[in-house]
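Reading the structure
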Amino acid sequence: MNKSPDWDAKKSHYQSEDVVDKYDDRRFKGGLAGPKSERKWQMILKAVKGLDGIETVMDLPCGTGRFTSRILEHGWKLINADISQPMLEKAREYTQGNENYLGSARMNAEKLPFADGTLDLVISIRFLMHVPKDVRIRIFREYARVCKRYVVLDVRHKYCLNLWWKKFRRRLGFRVKVPEHRYNMRELDADIAEAGLTIRRKVWNWPPFSEKLVLLCEKR
């Protein structure tokens, strides 16, 4: 299966410094954006609650550093990774010389430059819903390969009133953008299993109103 043109366009889109300059303020600061980021961080913490041995963490894609300061303040040693160099440069502003910051590098999630079992934890948030299925499976496998045991993933599911409301409005003739793909649980389990992972914990965000779901996955 070939990669979709939209996927290639998305990867190119975030190479622009102009896009990156606007991205952080629009997505993660002020108004409702700040609380949304904090809520997602709390979901990540719930996903990993009670786990031992987490020291070295990779955030991929780190974007403009949405979770950089939170991860460092939590005491984890952080590697920031992203396919966009401007994103990485923006994220460095949140490291403030913290000794737990191990550095950053431009990486393609489909082929990571780490030996097997290098990282204690891989975190991947607000990314996978943009990725075509065949590419998504390859990325899951790479996450499983480079982690010692655990991966935290953010996915979108279809058990959400907001999704059905969008579909209903589009049927009425309104111009509404409806996502092409949202997971059901059988499909999600199958994709995760195909990558050699098992879902150990699900953290739901405002069910049944939100489509966001954070998963703790473990290598099989």
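Preceding this paragraph is the structure being described.
Just so we're clear, the structure is a prediction, and the values are computed from it rather than from any experiment.

Description of the sheet that holds strand S6 (residues 197-204)
- In space, the 7 strands of this open sheet follow the order S3-S2-S1-S4-S5-S7-S6, with mixed pairing throughout. Both edges of this open sheet fall to strand S3 (101-106) and S6, since each of them pairs with a single strand only. If you compare each strand with its neighbour and ignore which way they point, the axes differ by 20 degrees on average.
- The sheet contact formed by strand S1 (residues 56-59) and strand S4 (residues 119-124) spans 3 bridges and is parallel. Among the inter-strand pairings, Met58 is bridged to a residue of S4, identified as Val122.
- Those strands touched by helix H6 (residues 133-146) are S4, strand S5 (147-156), S6 and strand S7 (212-219), and its axis lies near 150 degrees from that of S5.

A short note on empty space enclosed by the protein
- All told, the structure shown has 3 cavities of 30 Å³ or more when counted by the stated rule.
- A volume near 70 Å³ is recorded for the second largest cavity.
- What lines the second largest cavity is simply Leu128, Met129, Arg136, Val155, Arg156, His181, Arg182 and Tyr183.
- For the lining of the second largest cavity, a count of residues per class yields 4 nonpolar, 1 polar and 3 charged.

Focus on the pattern of salt bridges
- In total, this model carries 15 salt bridges according to the counting rule given.
- A salt bridge links Glu38 to Arg70, with the nearest nitrogen and oxygen atoms 3.1 Å apart. Here Arg70 lies in helix H4 (residues 68-74) and Glu38 lies in helix H3 (residues 33-48), a separation of 32 residues in the sequence.
- When its relative accessible area of 34% is taken as the criterion, Glu38 is described as partly exposed.
- Several salt bridges converge on common partners, so that one network encompasses Lys40, Asp154 and Arg156.

A word on the side chain of Ser210
- Mapped onto the fold, Ser210 is located in the loop between S6 and S7.
- On the basis of relative accessible area, Ser210 is assigned to the buried category, the value being 11%.
- Here the side chain of Ser210 touches Lys212 through a polar contact of 3.1 Å, landing on its backbone nitrogen.
- If we ignore the near neighbours within four places in the chain, the residues touching Ser210 are His157, Cys160 and Asn205.

Brief notes about the environment of Lys219
- Within the secondary structure, Lys219 is located in strand S7.
- Judged by relative accessible area, Lys219 falls into the partly exposed class, the value being 31%.
- Measuring from C-alpha to C-alpha, the distance between Lys219 and Ser12 comes to 31 Å, with 207 residues separating the pair along the chain.
- At 3.0 Å, the side chain of Lys219 and the backbone oxygen of Ala144 are in polar contact.

Description of the packing of aromatic side chains
- According to the stated counting rule, one finds 3 aromatic pairs in the structure shown.
- Ring centres of Trp165 and Phe168 lie 5.8 Å apart, and the angle between their planes is 25 degrees; this geometry places the pair in the stacked category. One end of the pair is Trp165 and the other is Phe168, both in helix H7 (residues 161-171) and 3 residues apart, which spans about a single turn.
- In this structure Phe168 comes out as partly exposed when scored by relative accessible area, which is 41%.
- An aromatic cluster of three or more residues is present, and its members are Trp41, Phe67 and Trp76.
- For Lys167, the ring lying beneath its charged end belongs to Trp164, and the centroid distance is 4.3 Å.

Quick look at a nonpolar patch on the surface
- Residues Trp165, Phe168, Leu172 and Phe174 make up a contiguous nonpolar surface patch of roughly 450 Å² in combined accessible area.
- Mapped onto the fold, Leu172 is located in the loop between H7 and helix H8 (185-194).

Procedures and definitions
Every chain begins its residue count from 1, and numbering advances along the sequence as written. Side-chain atom pairs in this predicted model are given and counted only at pLDDT of 80 or more, local residue features only at pLDDT of at least 70, and totals for whole chains, interfaces and linings cover all residues. To obtain the side-chain values, all non-hydrogen atoms of the structure were included, while hydrogens and water were left out. Pairing between strands requires that DSSP locate at least two bridges from one strand to the other. Each helix corresponds to a stretch of at least 4 residues labelled H or I by DSSP, and each strand to a stretch of at least 2 residues labelled E; elements are numbered beginning at the N terminus. All axes here are fitted lines through C-alpha atoms, helices being fitted over the stretch that makes contact, and every angle between N-to-C directions spans 0 to 180 degrees. In this description, contact between two residues means that some pair of their heavy atoms is separated by no more than 4.5 Å. We place a 1 Å grid over just the protein atoms. Points where a 1.4 Å probe fits but has no way out form a cavity, open points with protein on both sides within 12 Å along at least 5 of 7 lines form a pocket, and any residue with an atom within 4 Å of a point lines it. Grid points are joined across faces, edges and corners, and a volume is the space filled by probe spheres set on the points. Nonpolar residues are Ala, Val, Leu, Ile, Met, Phe, Trp, Tyr, Cys and Pro. Charged residues are Asp, Glu, Lys and Arg, and all others, Gly as well, are polar. For this analysis, a salt bridge means a side-chain nitrogen from Lys or Arg found within 4 Å of a carboxyl oxygen belonging to Asp or Glu. Note on classification: 1.4 Å probe, protein chains only; a residue is buried when its accessible area is under 20% of the maximum for its type, exposed when over 50%, partly exposed between these limits. Pairs of N or O atoms within 3.5 Å make up the polar contacts considered here, provided that, within protein, one atom can donate a hydrogen while the other can accept it, and that residues adjacent in sequence are counted only when both atoms are side-chain atoms. Paired rings are identified among Phe, Tyr and Trp, the last through its six-membered ring, by centres lying within 6.5 Å, and are further divided according to the angle between planes into stacked (under 30 degrees), edge-to-face (over 60) and tilted (the rest). Geometrically, a charge over a ring is one whose NZ (Lys) or CZ (Arg) sits within 6 Å of the ring centre while staying within 35 degrees of the ring normal. Patches in this entry comprise residues that are over 30% relatively accessible and not in a salt bridge; like charges within 9 Å are linked, as are nonpolar side chains (Val, Leu, Ile, Met, Phe, Trp, Tyr) within 5 Å. Only the protein chains shown count as cover for residues, with accessible areas throughout obtained via the Shrake-Rupley method and a probe of 1.4 Å.

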